[in-house]
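Observations on the three-dimensional arrangement
One-letter residues, chain by chain:
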Amino acid sequence: MQRYAIAPRADWRTKVESLGLLFHTTEDGTDAGVPYWSEDAYYTLSDADVQRLESATNELHARCLDLVQHVIDADRFGELHVPEPLIPLIRETWETEPPSLYGRFDLAYDGNGEPKLLEYNADTPTSLLEAAVIQWHWAQEKFPQADQFNGIWEALVEMWKRLKAERAFLGAEIHFAHVDEMEDLMTVAVLQDTAQEAGLVTSSLGIEEIGWDPGSKCFVDLEEMRIWSIFKLYPWEWIAKDDFMPQIAETIRETQWMEPAWKAVLSNKAILPLLWERFPGHPNLLPAYFDGPRGMTDYVSKPIFGREGANVTVYRGGQAAASADGPYGTEPLVYQQLAPIRPFDGHTPIIGSWVIDHASAGVGIRESRPIITDNFSRFVPHVIQ
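Residues numbered from 1 in each chain as written. Predicted model: local features only at pLDDT ≥ 70, side-chain atom pairs only at ≥ 80, totals over all residues. Heavy atoms only, no water.

Moving on to the overall build of the protein chain. Each helix and strand counted, the protein chain has 11 helices and 21 strands in total. By the compact-globule yardstick of 21 Å for 385 residues, the protein chain fits well, its C-alpha radius of gyration being 21 Å. Dimensions of the protein chain, computed from C-alpha atoms along their principal axes, come out at roughly 60 × 50 × 40 Å. Here the protein chain holds 385 residues, and 58% of them are scored as buried. Long-range pairs, those at least 24 residues apart, make up 71% of the contacts in the protein chain between residues at least 6 apart in sequence. Mean positive and mean negative side-chain charge positions of the protein chain (31 and 59 charges, respectively) differ by 5 Å. (Helix = DSSP H or I, 4+ residues; strand = E, 2+ residues; numbered from the N terminus. Rg over C-alpha atoms; globule rule 2.2 N^0.38 Å. Buried < 20%, exposed > 50% of the residue type's maximum accessible area, 1.4 Å probe, protein only. Contact = heavy atoms within 4.5 Å. Lys, Arg positive; Asp, Glu negative; His and termini not counted. Charge placed at Lys NZ, Arg CZ, Asp CG, Glu CD.)

Counting 73 residues, the largest nonpolar core has Ile-90, Ile-210, Trp-236 and Leu-266 as its most contacted members. Element by element, the count of residues in this core is highest for helix H2 (residues 47-74), at eight residues. The contacts of Ile-210, once residues within four sequence positions are left out, are Ala-177, Leu-205, Phe-219, Val-220, Ile-227, Ile-230 and Trp-257. Counting 42 residues, the second largest nonpolar core, distinct from the first, contains Ile-134, Phe-143, Ile-174 and Val-188. (Core = buried A, V, L, I, M, F, W, Y, C linked by side-chain atoms within 4.5 Å.)

On to the packing of aromatic side chains. In this structure the tally under the stated criterion is 20 aromatic pairs. A ring pair is formed by Tyr-102 and Trp-354, whose centres lie 5.9 Å apart and whose planes are at 15 degrees; its orientation type is stacked. Taken together, the positions of Tyr-102 in strand E5 (residues 102-108) and Trp-354 in strand E18 (residues 348-356) put the pair 252 residues apart, joining distant regions of the chain. The exposure class assigned to Trp-354 is buried, which follows from its relative accessible area of 1%. Ring-pair connections join several aromatic residues into one group, and the members of that group are Tyr-102, Trp-160, Phe-169, Phe-176, Phe-231 and Trp-354. Note that Arg-226 overlies the ring of Trp-228, its terminal NZ or CZ placed 3.8 Å from the centroid. Sitting over the face of the ring of Trp-262, Lys-263 holds its NZ or CZ atom 5.7 Å from the ring centroid. (Phe/Tyr/Trp six-rings, centres within 6.5 Å; stacked < 30°, edge-to-face > 60°. Lys NZ or Arg CZ within 6 Å of the ring centre and 35° of its normal.)

Among the structural elements, Asn-150 can be located in the loop between helix H5 (128-142) and helix H6 (152-165). By relative accessible area, Asn-150 is classed as buried at 9%. Within polar-contact distance, the side chain of Asn-150 engages the backbone oxygen of Ala-132 at 3.5 Å. Those residues in contact with Asn-150, other than ones at most four positions away along the chain, are Ala-131, Ala-132, Gln-135, Trp-136, Ala-361 and Gly-362. (Polar contact = N/O pair within 3.5 Å; in protein donor to acceptor, adjacent residues only side chain to side chain.)

Moving on: helix H4 (residues 87-96). Residues of H4 that are buried include every one of Ile-87, Leu-89, Ile-90, Glu-92, Thr-93 and Trp-94, and no others. Those residues of H4 hidden inside the fold are in contact with H2, helix H3 (77-80), helix H8 (236-239), helix H9 (245-250) and helix H10 (263-266). Backbone geometry just after H4 places Glu-97 at a positive phi near 55 degrees.

Moving on to the pairing of strand E4 (residues 41-45). Of all the five residues making up E4, five are buried; the element is thus mostly covered by neighbouring parts of the structure. Of the two faces of E4, the one lined by Ala-41, Tyr-43 and Leu-45 and the one lined by Tyr-42 and Thr-44 are each fully buried. Pairing of strand E1 (residues 2-5) with E4, which is carried by four bridges, proceeds in the antiparallel orientation. Pairing of Gln-2 across the sheet is with Thr-44, part of E4. (Pairing = 2+ DSSP bridges.)

Everything listed here is a matter of coordinates, which is why it stays silent on function.
Shown next as structure tokens:
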């Protein structure tokens, strides 16, 4: 694994916008802003890197599924701080197995040793457009003879085709719901477009536009059409606090919610100590604990429901070396050994490894100059060499 500087395409903004990436520059108070999609550098992965990442992703996903069964059997929801209203839905959807579409592991990997799990975005992962589409078109233009570890789009289409052939969905139409944020819109667009390519009928709406028909006791869209199967880019821990949570629980067998409620177990950093307890010494895991660093001197504290690096603190030699502000300061923390990632030209990369239909499908890379990957971290493309 290496990083190389390269000249960006002169018209890169126009090209990525034509592919749907409208959020390509973050605001920093200047006219130019800071590129979020960054093509002034790229990473190369070797075949051995790809094999390690693919193997680690499949292995970690299997271990996570094992953990869901363990949490249910041993009733360890309290340690995960799962909201009480979600617990019966988790049990129900784990047994009935409604469609589970995708997830993204964030892995520490720099080409040396085994990839290490930092967290699993199993319920509402974003950056799908960048990983599946934008970097692929960049590579086709800049390195047409090179390959890329990126079969994400094709894996999504094949998944939808399989589910359609198996008649896995309720109703004839799939709804896609999201909040009014550009990053979420772009992610949902990829899922919806791949479903349409597979021959499914789809429609989209905002989370706040989902209605409830008290007479028919079902959820409806803006046209008063019944919602049978719906993908929602909205975390289950937020849904648990929603006014419509009782109706969701009441109709959980009549309405398919994707991702299913059992994903709430995994999209929670409290799984890190449970995985380490259940699989101590696993080559793809880092030591992690609930009750403090337990003698670790280089480690990270993370809020269990934190996002985009918010409220993360990095400790070196037992002293705080870096921290990020955010809105998650009051929730429980977990403590994980600091992953040894070597910087590349001053940039720290994190591998976003995608799971589509329960299998590894490709990666995207985000990098940051501070060690904490946050919402200003840049997405950088890659090729295989």
